Amino acid sequence: MNSVLKGTSYVLVHAPDMLVHAGTTQTTERIVNPSSEYLKELPKHLRSFEDAVAYLPNQVYIGNKIPADMSDAGETWYDKPIAKAQRSGKFGEIMSQAEFYMLMYACDAFDLVMLEAKFVSEAKLHFKERAQNEVMSIFDENLCVRDYEGVALSEIENAVKNEQAEGLYHNGKLIGCVKKAHDIDTNLSAGIILENLVSKTSCTLALLHLVKTAGIDKSSIDLVLDCSEEAVGDMNQRGGGNLAKAAAESAGFINASGADIRAFCAAPVHAMIHAAALVASGTHENVVVAAGGSIAKLGMNAKDHIKKGVPVLEDVIGGFAALISANDGISPEILSAYTGKHNVGTGSSPQAVITSLITDPLDKLGIKIADIDKYSVEMQNPDITKPAGAGDVPLANYKMIAALGVKRGEMERTDIDGFTQKHGMPGWAPTQGHIPSGVPYMGFARDDIMSGRIKRSMIVGKGSLFLGRMTNLFDGASFIMQKNDELNAKKKMGKQALKETGAAEKVSIILTGIGSEHGEENMIQGAAMAAARGINVLYAGTKTTDDVTTLRAKDDKKAHEVMERLLKNGEADAAVTMHYNFPIGVSTVGRVVTPALGKAMYIATTTGTSSTNRVEGMVINAIYGIITAKACGVKAPTVGILNVDGARQAEMTLRTLQESGYDIKLASSKRADGGCIFRGNDMLAGECDVLVTDPLTGNILMKTLSSFTTGGSYEALGWGYGPGVGKGWDKLILILSRASGAPVVANAIEFAAQLVRGDFKKVAAAEFSALGQIKVQDILSAARSKETEKDTAKETGGALKVPQKEPVTAEISGIEITDLDDAVAVLWREDIYAQSGMGCTGPVVLVNEGKLKQAEGILAKKKFILQVDD
Amino acid sequence: MDLENQKRVKEFAEKFGAENVIVVFGAAEGEAAGLAAETVTLGDPTYAGPLTGVSLGLEVYHICEDAIKDEVDAGVYDDQISMMEMVLDVEDIVKEMDAIRSQL
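Conventions and cut-offs
- Residues numbered from 1 in each chain as written.
- Chains lettered and ligands numbered in written order.
- Predicted model: local features only at pLDDT ≥ 70, side-chain atom pairs only at ≥ 80, totals over all residues.
- Helix = DSSP H or I, 4+ residues; strand = E, 2+ residues; numbered from the N terminus.
- Buried ≥ 20, exposed ≤ 12 C-beta atoms within 10 Å, placed from the backbone.
- Contact = placed C-beta atoms within 7 Å.
- Nonpolar A, V, L, I, M, F, W, Y, C, P; charged D, E, K, R; others polar.
- Core = buried A, V, L, I, M, F, W, Y, C linked by C-beta atoms within 7 Å.
- Pairing = 2+ DSSP bridges.
- Axes fitted to C-alpha atoms, helices over the stretch in contact; angles between N-to-C directions.
- Expected span 1.5 Å × (residues − 1).
- Arc of directions from axis to C-beta.

## Things to note about the overall build of chain B
Part 1: When its secondary structure is counted, chain B shows 6 helices and 2 strands.
Part 2: Burial analysis of chain B (104 residues in total) assigns 28% to the buried set.
Part 3: Sequence separation of at least 24 residues holds for 67% of the intrachain contacts in chain B that already meet a minimum separation of 6.

## Quick look at the interface of chain B and chain A
Part 1: On the side of chain A, 13 residues touch chain B, which itself brings 12 residues to the contact.
Part 2: Elements with a contribution of two residues or more to the side of chain B that touches chain A: helix H2 (30-41), helix H4 (74-80) and helix H5 (82-87) of chain B.
Part 3: Residue contributions to the side of chain B that touches chain A peak at 4 residues, all from H5 of chain B.
Part 4: Across the side of chain B that touches chain A, the residue classes break down as 8 nonpolar, 1 polar and 3 charged.

## Quick word on the nonpolar core
Residues and elements named next belong to chain A.
Part 1: In terms of nonpolar packing, the biggest core is built from 266 residues, with Ile509, Ile749 and Ala752 touching the most fellow members.
Part 2: Counting residues per element, this core draws most heavily on helix H10 (residues 190-213), at 13 residues.
Part 3: Once residues lying within four places of it in the same chain are set aside, the contact partners of isoleucine 509 are Ile535, Val537, Leu538, Ala572, Asp573, Ala574, Val576, Ile749, Ala752 and Ala753.
Part 4: Core analysis: the second largest hydrophobic core is formed by 16 residues, Ala823, Leu827, Ile832 and Val845 among them.

## Notes on unusual backbone geometry
Part 1: In this structure, the amide linkage connecting alanine 604 of chain A to the following residue, threonine 605 of chain A, adopts the cis form with an omega of 5°.
Part 2: One non-glycine residue, lysine 863 of chain A, lies in the positive phi region at around 65°.
Part 3: The residue tyrosine 47 of chain B is not glycine, and still its phi comes out positive at about 50°.
Part 4: Among the secondary structure elements, tyrosine 47 of chain B is positioned in the loop between H2 and strand S2 (59-62).
Part 5: Tyrosine 47 of chain B gets classed as exposed once you count the C-beta atoms within 10 Å, which come to 12.

## With respect to the environment of isoleucine 514 of chain A
Residues and elements named next belong to chain A.
Part 1: Structurally, isoleucine 514 is set in the loop between strand S15 (508-512) and helix H20 (519-531).
Part 2: Under the C-beta neighbour-count criterion, isoleucine 514 is labelled buried, with 21 such atoms within 10 Å.
Part 3: Note: C-alpha distance between isoleucine 514 and lysine 558 (44 residues apart in sequence) is 9.5 Å.
Part 4: Residues within four places of isoleucine 514 in sequence aside, it is in contact with Glu520, Gly541, Ala553, Asp555, Asp556 and Ala559.

## Focus: the sheet that holds strand S28 (residues 834-838) of chain A
Residue and element names in this part refer to chain A.
Part 1: Pairing is antiparallel across the open sheet formed by 3 strands, whose spatial order is S27-S29-S28. Each having just a single partner strand, strand S27 (810-813) and S28 make up the two edges of the open sheet. Adjacent strand axes in the sheet meet at a mean angle of 35°, parallel and antiparallel pairs treated alike.
Part 2: Its contacts with the sheet place helix H30 (residues 852-861) against S27, S28 and strand S29 (843-847), and it is angled at close to 15° to S27.

## Focus on helix H1 (residues 3-16) of chain B
Residue and element names in this part refer to chain B.
Part 1: With 14 residues, H1 should reach 20 Å at 1.5 Å per residue; the first-to-last C-alpha distance of 20 Å fits that figure.
Part 2: Along H1, the residues classified as buried are Gln6, Val9 and Ala13. Seen along its axis, H1 keeps its buried residues to an arc of 65°; they face one direction. Exposed positions of H1 whose direction lies more than 90 degrees from the buried face are Arg8, Glu11, Glu14, Lys15 and Phe16.
Part 3: Packed against the buried residues of H1 are strand S1 (22-25) and H2.
Part 4: Directly after H1, the chain includes glycine 17, whose backbone phi takes a positive value near 90°.

That is the geometry; function is a separate question.
Structure (structure tokens):
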């Protein structure tokens, strides 16, 4: 069952002084050109906290405004401040720099942060205000900063000047520092510690908001996955990590573990896919994907912004968190089986990338580009990227998706603009690498899907791996979120709940369509006929039709992969296919229309092998036939045995089972001699519910009875070769012939649905369990040892002394044709003269009238015939 | 233009001779294509990278320009580029590239 997106949180931290002192554009400039005009100009172009709060994209990020508000506001937003903007929103908050420094102090586990006493006493007032605000009252004892008094400024100045500490500034003044964590190790330098601590602290802030927005108990979180871009570790394990666990600790998630997922900007989507799979598989119930922001990227494009007269907009650190939980039947589902990924061999051309990330998963799901209502791509804010010469990133992505749609013939070239408006959004995320990467829309997507505004959304993340100089490959991943499928939730509630709600369960059957001798058209036609009978038909192949969901598969192998996947993840209840390699022990029970009265009859069995021993196989086939008939609603199926080699012994074994307590109802032949051994007449008349035979004969019967009206090549009648049955076999797979026509295809799907509704697996288990009470193995091995005796008799037959010849006129019937010579040999050994012959009902052994009783007794004892009643 | 890329272009020009190197761009819009072309011809206009004050004067084209497009196998072009060509403002890109070339 799919996992769901239970909640999200989004936070921003206004950090203008960190931008000046720690953003890499600025630190690089200070090295390359320390007296540059740019560094002098920069402070004049910074925004105040109020300006950052009033900035529309930031208001969208924390959920006070929606993406559509941005489209309404025009091309640029920095010049259109929002009146009375709030710093707290439904997804989180915009935190001030002073508060963030305090939070950094609280999140520092190694006494590396020092803050100045005066600054601390002022900042504490902010926290008093926060406590009054419902959204922002997120801190508990774990993050209590009440007891911290701060240190003297001189101590901080000394650390920065003499001990390589990294200064913390507020309103341009030094108010604190982060100390280095090691004397020599550059990976624990003050700058790196600051970078990592900023990420940890902003991640913690997102986690704390998530507890509130998702309404969840902190102790119920099992795992946190951090997907930021920071490398935590010392010189021996640079990037060793577990920022996730560090932030989970700060947030007080006592029952959570953590792990980091790194994949540049694509990491959030990779992490979401991981989390969804961990929950769907049942490994965990509640997994959080979270990331703090990047101090290095602050003011990355500030030079261009200043040059173009735009305020320095990259002044906020971003963070987000998402809770992925077990299916609650309400929240949007994350489709774990339909994710997109960029493979090593995919190539880097935009066309190949968009195909792998967008249309590959859509093809798998059998939907078109326009069936995704909203795409969330790199949601970079164009207010920031356009002045920097990087264009409008989301728009470029939407155009590429649309252009691929044009190439695939799903839309016209003139539709591109309309598509980008309808299925796209303007970008609102700060340029913090992983932060814009698909995930900013998840909160809105959850709202939009649950309110019914949209049905599905695709979240796409991309990453530029060349930046790390290990590969020139590009990376990306995508997943689909969609409206919760209530059917699945109902299945989980179980049949009892279904009864209570009175809802009828719609059965889903997957049909593989490639390989038919009558072409794919024939198969899809059968699928459509079955769909019209109220069955949810899924089709693996290349054809499409109304009311049937096609899951694109270009060949038979792919179609089988789709089938297996759907059966495995429970999206299909049963499968209908043209071939399947069942293991020994599994064979299929077909269903035919008997011509005399049009009555249905089960043929056990039609393909596969129940046992390598013929008689044992026929006995087992009888049980498989009974299971199938019962699951289809035949309460006490009557069993006839087709008069083929092994029939008599199978009958004897079944009668022994019956005597031992197995409830089996043997049918009666309409022919004069009665009994449960059926000949061709009884078969055509359908005198039993289950006709037992060996699978090769059963297969011939299926083909004959399905195609005798069409001349042979087109099987037009019946329900096909039926489900594979076997002890311990738990897949419901029904077999068709490559010659099966559309009516049989439709019937087979209906047969499958009938078995699902009749709880086939439960019926099978009950039947095997009833047999389990009986010493079945002993009875079957008795049947086998009789065969061994036959062999021994054959071997010694030549050496036997022939008794004195005498007139033989008494007939003993009911002996297998293949057993006939052995029966004669057995009697000779007992000094009774006997001859074999053919009576009017079948083979007979002829003996003297006077020795009939004795001979019958001997043959019954040796299990050649049934016990003769006196 | 990425500083590392500037360095590599510079090294190639030194190794093979500027007259033997052609730079083909894939930038998604005119301004970015123009800036990159300017960097490898006249020098880094941002004064940040190894090509600051270095005029390599390399021959420059965008992949969507006919001169390069005609050199590429049509099937490969269709597979790799045609989708992007559909969404790019090729005219603007060509204009920017022409402007840079005219200064050489």
